[in-house]
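# Chains, contacts and geometry: an overview
Spelled out, the chains give:
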Amino acid sequence: QVPLVESGGGLVQAGGSLRLSCAAPRAITSVFNPMTMAWYRQAPGKERELVANITRLHNTNYADSVAGRFTISRDNSRKRVYLQMNNLKSEDTAVYYCAAISPSRLISWGQGTQVTVSS
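Residues numbered from 1 in each chain as written. Predicted model: local features only at pLDDT ≥ 70, side-chain atom pairs only at ≥ 80, totals over all residues. Heavy atoms only, no water.

In this structure the tally under the stated criterion is one aromatic pair. Centre to centre, the rings of Tyr40 and Trp109 are 5.0 Å apart; their planes meet at 65°, and the pair counts as edge-to-face. Placement of Tyr40 in strand β4 (residues 36-42) and of Trp109 in strand β10 (residues 107-109) is noted, with a sequence separation of 69 residues between them. On the accessibility criterion, Trp109 (34% relative accessible area) is partly exposed. Here the basic side chain of Arg19 rests over the ring of Tyr82, its NZ or CZ set 4.0 Å away from the ring centre. The positively charged end of Arg48 is found above the aromatic ring belonging to Tyr97, 3.7 Å away from the centroid. (Phe/Tyr/Trp six-rings, centres within 6.5 Å; stacked < 30°, edge-to-face > 60°. Helix = DSSP H or I, 4+ residues; strand = E, 2+ residues; numbered from the N terminus. Buried < 20%, exposed > 50% of the residue type's maximum accessible area, 1.4 Å probe, protein only. Lys NZ or Arg CZ within 6 Å of the ring centre and 35° of its normal.)

Pairing is antiparallel across the open sheet formed by four strands, whose spatial order is β1-β3-β8-β7. Unpaired on one side and paired on the other, β1 (5-7) and β7 (70-75) mark the two borders of the sheet. On average, each strand axis in the sheet is tilted by 15° relative to the strand beside it, whichever way the strands run. By the bridge criterion, six bridges tie β7 to strand β8 (residues 80-85) in an arrangement that is antiparallel. Its bridge partner being in β8, Asp75 is matched across the sheet by Arg80. (Pairing = 2+ DSSP bridges. Axes fitted to C-alpha atoms, helices over the stretch in contact; angles between N-to-C directions.)

Residues Met37, Trp39, Leu83, Met85 and Tyr96 are the most contacted members of the largest nonpolar core, which totals 30 residues. For this core, the elements supplying multiple residues, two or more each, are β3 (18-23), β4, β5 (49-54), β7, β8, β9 (94-101) and β11 (113-118). Ranked by residues supplied to this core, first place goes to β9 with four residues. Once you skip the residues sitting within four places of it in the chain, Leu83 turns out to touch Leu18, Arg19, Leu20, Trp39, Val51, Ala52, Phe70, Thr71, Ile72 and Tyr96. (Core = buried A, V, L, I, M, F, W, Y, C linked by side-chain atoms within 4.5 Å. Contact = heavy atoms within 4.5 Å.)

With that settled, the discussion passes to the state of the cysteines. Applying the stated rule across the entire model yields one disulfide. A disulfide bridge connects Cys22 with Cys98, and the sulfur atoms are separated by 2.1 Å. Between Cys22 and Cys98, the S-S dihedral sits near -80°, and the bridge is therefore left-handed. One end of the pair, Cys22, is in strand β3; the other, Cys98, is in strand β9, and 76 residues separate them in sequence. In this structure Cys22 comes out as buried when scored by relative accessible area, which is 1%. (Disulfide = S-S within 2.5 Å.)

In C-alpha cells, the structure reads:
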C-alpha cells in the first residue's frame, strides 16, 4: 500500500476550473514510477467511476464524460499526479479519489477530496 494525499478540491461555479493534486510522499521513486495513477470519483447515490488514468509511460485514458475538459498528468520526480479540470459542470460534483495501481494490480486509495460545482 502506498499512502496518497489529495488536495485541491473545493467549490467552483459552473464553467470554472480546479486542479487536483495527489502526492505519494512516503513512496520511493522506484515504487511510484512503475505505477499507473488514476483519478476516480463518486457522486452521492452513485458508484465510484474512473475519471482518468495515466500509465508509467504517460499514456492517458479518459471517461467520455470528461474527455476534452480534464487533463491528467504526472511528475515522477515529485511523486505527484494532477487532474486539471476545466469547464466544470454541475454533474462533475463528487468526491474525487486518487488511486495508485501497482504492476501486480494492488490498488492504494487516497482519502478523497470534495469537488462541488454550483450552477
